[in-house]
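Next come the chains, spelled out residue by residue.
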Amino acid sequence: MLKRYASRIFSHSTLPGVPRQGSLLVAEPFLGESYFRHAVISLIDNDSKTGIMGVVMNHGIELSLSEIVEGVKIDVPVFCGGPLAQDRVFFVHNLGNTLIADSTEYAPGLWIGGDFDSALDYVNKGYPTDGCIRFFLGYSGWDNGQLDDELSQNVWAVGEPHALQSTTLLSLNGDTMWHHAVKALGPYYRTWNLHPLSPMAN
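Given the structure is predicted, the values throughout are model-derived calculations rather than measurements. Every chain's residues receive numbers from 1 upward, in the order its sequence appears when written. pLDDT decides what is reported in this predicted model: residues at 70 or higher carry local features, side-chain atom pairs at 80 or more are listed and counted, and totals for whole chains, interfaces and linings draw on all residues regardless. Think of the side-chain values as coming from all heavy atoms in the structure, minus any hydrogens and water.

Glancing now at the overall build of the protein chain. Only runs of H or I of at least four residues qualify as helices and only runs of E of at least two qualify as strands under DSSP, and these elements are numbered from the N terminus. Within the protein chain, the secondary structure is distributed over seven helices and 10 strands. Whether two residues touch is decided by their heavy atoms; if any such pair falls within 4.5 Å, the residues are in contact. Sequence separation of 24 or more characterises 62% of the internal contacts of the protein chain that already satisfy a separation of 6 or more. Counting only carbon and sulfur atoms, one obtains 51% of the accessible surface of the protein chain, whose full area is about 10300 Å². To measure how exposed things are, a 1.4 Å probe is used in the Shrake-Rupley method; for residues, cover is taken only from the protein chains shown.

Right under this line is the structure:
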């Protein structure tokens, strides 16, 4: 009852926007699904034929890269990118093609993937990872029309690709990133930031 009532309060002023490659999806305050609770998703691909793909940027998990990838010598945190393909490792970075060959820039200052050995070499040499590169298990995806339906129900707000700097997306975690993203959405969403991760905190 509290969740439904509060959700109506916080959804009256939302402006869904139009998602595109590089956009941020910011979860509405009372979205209860574990994968997407207070999630900030970076949309990597938005294709009318293949559907929409993104990764949840701010849900850290209790695993390090060395625990899931052989040959990694340094502890680097891993994040849950979403419920799909959780047996695969994805990575997003701002290092560009100079350091990570064959990577693809999908938003200003953000690249997806590239040569995995180059990424591991970067990590193993002790170069900075916080604010530079982030590894994920799994991704989030929507079939054609599915995200439009969710947007019409105010499940997500859409932020511009440049709403948060790449270093912010690759360094902040959890509720801290969500509040930064909500603030970047502008005044229409200011009531969202009044909501704590747990409604019972009030």
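Resuming the write-up.
Further remarks concern the pattern of salt bridges. The working definition used for a salt bridge is a side-chain nitrogen of Lys or Arg within 4 Å of a carboxyl oxygen of Asp or Glu. The tally for this structure, following the rule as stated, stands at two salt bridges. Between Arg20 and Glu160 there is a salt bridge; the shortest N-O distance is 2.8 Å. Placement of the pair is Arg20 in the loop between α1 (2–11) and β1 (24–27) and Glu160 in the loop between β10 (156–159) and α6 (166–169), with a sequence separation of 140 residues. Exposure is judged per residue with a 1.4 Å probe applied to protein chains only, and the accessible area is read against the type maximum: over 50% gives exposed, under 20% gives buried, and values in between give partly exposed. Residue Glu160 is classed as partly exposed on the basis of its relative accessible area of 37%. Residues Lys125 and Asp121 are paired through a salt bridge, measuring 3.2 Å at the closest nitrogen-oxygen approach.

Regarding helix α4 (residues 116–124), the residues found buried are Ala119, Leu120, Tyr122 and Val123. Looking straight down α4, one finds its buried side chains confined to an arc of 155 degrees; they lie on one side. After α4 finishes, the residue Gly126 shows a positive phi value of roughly 80 degrees. Regarding the arc, it is the one traced by the directions from the helix axis to the C-beta atoms.

In this section: the packing of aromatic side chains. Here a pair means two rings of Phe, Tyr or Trp (six-membered ring of Trp) with centres within 6.5 Å. Their orientation is stacked below 30 degrees between planes, edge-to-face above 60, and tilted elsewhere. Overall, the coordinates contain nine aromatic pairs when judged by the stated rule. Summarising the aromatic geometry, the rings of Phe36 and Trp156 are spaced 5.7 Å apart at their centres and angled 80 degrees between planes, so their arrangement reads as edge-to-face. Here the residue Phe36 occupies a position in the loop between β1 and β2 (40–47), and Trp156 occupies one in strand β10, the gap between them amounting to 120 residues. You can call Phe36 buried: its relative accessible area is 11%. Pairing Tyr122 with Tyr127 gives two aromatic rings, centres 5.2 Å apart and planes at 35 degrees, and the pair type is tilted. Charge-over-ring placement is defined geometrically: NZ (Lys) or CZ (Arg) within 6 Å of the ring centre, and within 35 degrees of the ring normal. Over the ring of Phe79 we find Arg134, and its NZ or CZ is 3.8 Å from the ring centre.

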